[in-house]
Amino acid sequence: MKDGVLKAISSDGTLRAVIATTTHLSEDARLRHNLSFTAAAALGRALTAGVLLSQILAKDGQVALKFQGNGPLGKVMVDASPRGTVRGFVEHPDIELPLNSLGNFDVGSAIGSTGYLHVTIDPGFGQPHTSTVELASGEVGEDVNHFLVNSDQTGSLVVVGTHLSKNGVEAAGGLIIQLLPDHTEETICRIENNISTFGTFTFLMKRGMTLEEILQRILTGFEITPLTDVKPLSFVCKCSRERFVEALKVLPSSEIISMAEEDGQAEGRCQFCNELYLVEKEGLLDLARES
Ligand SMILES: [Zn+2]
């Protein structure tokens, strides 16, 4: 299944949902950053959460998430645009932890359960706005849910999952269900009952179901109407060689010349996508002459 995201609403007006599959972009991130299993599971969940929140919180611009916990993984940063692009990294990509007591990758211990989740909404015009909540568990889904409940005051359910084998990311995705003002106790009971029986999100994905079918399965008993077509998703970074060169141009020419003479080149690595940019000696001397 290609990576994609879909928004839907229940015809009784009690809930809305956004659901995404992110297997390929999570694998792309794993390969780019040489992630350990634990780090790949954590970043896969965070990328999925970024995708889902960008669909809920932004019409344009982007939504950025920063998980700053007390675990060994360090900070986890992701930004996503409602147009379907997302990128991200973890501070310590080679941290590996034993599986937790449920047999899952221990994302909660890797990120840490003490710390903060910062969510910055940049509408694409005017000032970005940042909200901060304490981490609930470091497991990503619960932290994002904590943020939504705190900021929205609406009930929500957040599920994000990354299934890995020794070959890499086999399935990744997730969903957010938000209760609308017309919901009743029965709405909540029905969702909770469905959630307890549907197994894991990635399990449904591996059965070859479409996004709409997975959503319909999770929301059995509700009539679901898609609000959009499935929008494609991919890992895309904003960096470029041109941007790297522009950043060098800001330096005083004496510094550029000494870089050329002493190091023979300038190199910079993009934190978000791990792409390496090089400017050779000749290029540096040209820049120094221009500035
Ligand atoms: Zn980049």
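Residues numbered from 1 in each chain as written. Predicted model: local features only at pLDDT ≥ 70, side-chain atom pairs only at ≥ 80, totals over all residues. Heavy atoms only, no water.

As a further point, take the domain arrangement of the protein. Much of the literature gives interface size as the accessible area that the parts lose upon coming together. When cut into domains, the protein gives domain 1 (4–235) and domain 2 (241–290). One C-alpha centre belongs to domain 1, the other to domain 2; they are set 37 Å apart. Contact residues are listed per partner, giving 8 residues for domain 1 and 4 residues for domain 2. Both faces combined, the contact of domain 1 with domain 2 buries some 640 Å², and carbon together with sulfur accounts for 59% of it. At the boundary of domain 1 and domain 2, one finds 0 salt bridges. When residues of the side of domain 1 that touches domain 2 are traced back to their parent elements, those giving at least two are helix H1 (23–33), strand S4 (76–80) and strand S5 (85–90). At 3 residues, the largest contribution of residues to the side of domain 1 that touches domain 2 is made by S5. (Domains from an automatic or database assignment. Contact = heavy atoms within 4.5 Å. Buried area = accessible area lost by both parts, 1.4 Å probe. Salt bridge = Lys/Arg side-chain N within 4 Å of Asp/Glu carboxyl O. Helix = DSSP H or I, 4+ residues; strand = E, 2+ residues; numbered from the N terminus.)

Note on the zinc ion: its protein donors are Cys237 (SG), Cys239 (SG), Cys270 (SG) and Cys273 (SG). The metal-donor distances range over 2.2 to 2.3 Å. Geometry at the zinc ion is tetrahedral, judged from its 4 donor atoms and the angles of 99 to 113 degrees they form at the metal. Going along the chain, you hit the donors of the zinc ion in the pattern C-x1-C-x30-C-x2-C. For the pair Cys270 and Cys273, one class covers both residues: buried. (Donors = N, O, S within 2.8 Å, 3.2 Å for Na, K, Ca; no water. Tetrahedral: all angles 85-135°; square planar, octahedral: opposite > 155°, others 65-115°. Buried < 20%, exposed > 50% of the residue type's maximum accessible area, 1.4 Å probe, protein only.)

Read across the open sheet, the 6 strands follow the order S7-S6-S3-S4-S5-S12; overall the sheet is mixed. The open sheet is flanked by strand S7 (129–134) and strand S12 (234–235), the only strands paired with a single partner. Where S4 and S5 come together, 5 bridges link them in antiparallel fashion. If you follow Asp79 over to S5, its bridge partner there is Arg87. The strands touched by helix H2 (residues 37–57) are strand S3 (62–69), S4, S5, strand S6 (115–122) and S12; relative to S4, the strand with the most contacts, the crossing angle is about 35 degrees. (Pairing = 2+ DSSP bridges. Axes fitted to C-alpha atoms, helices over the stretch in contact; angles between N-to-C directions.)

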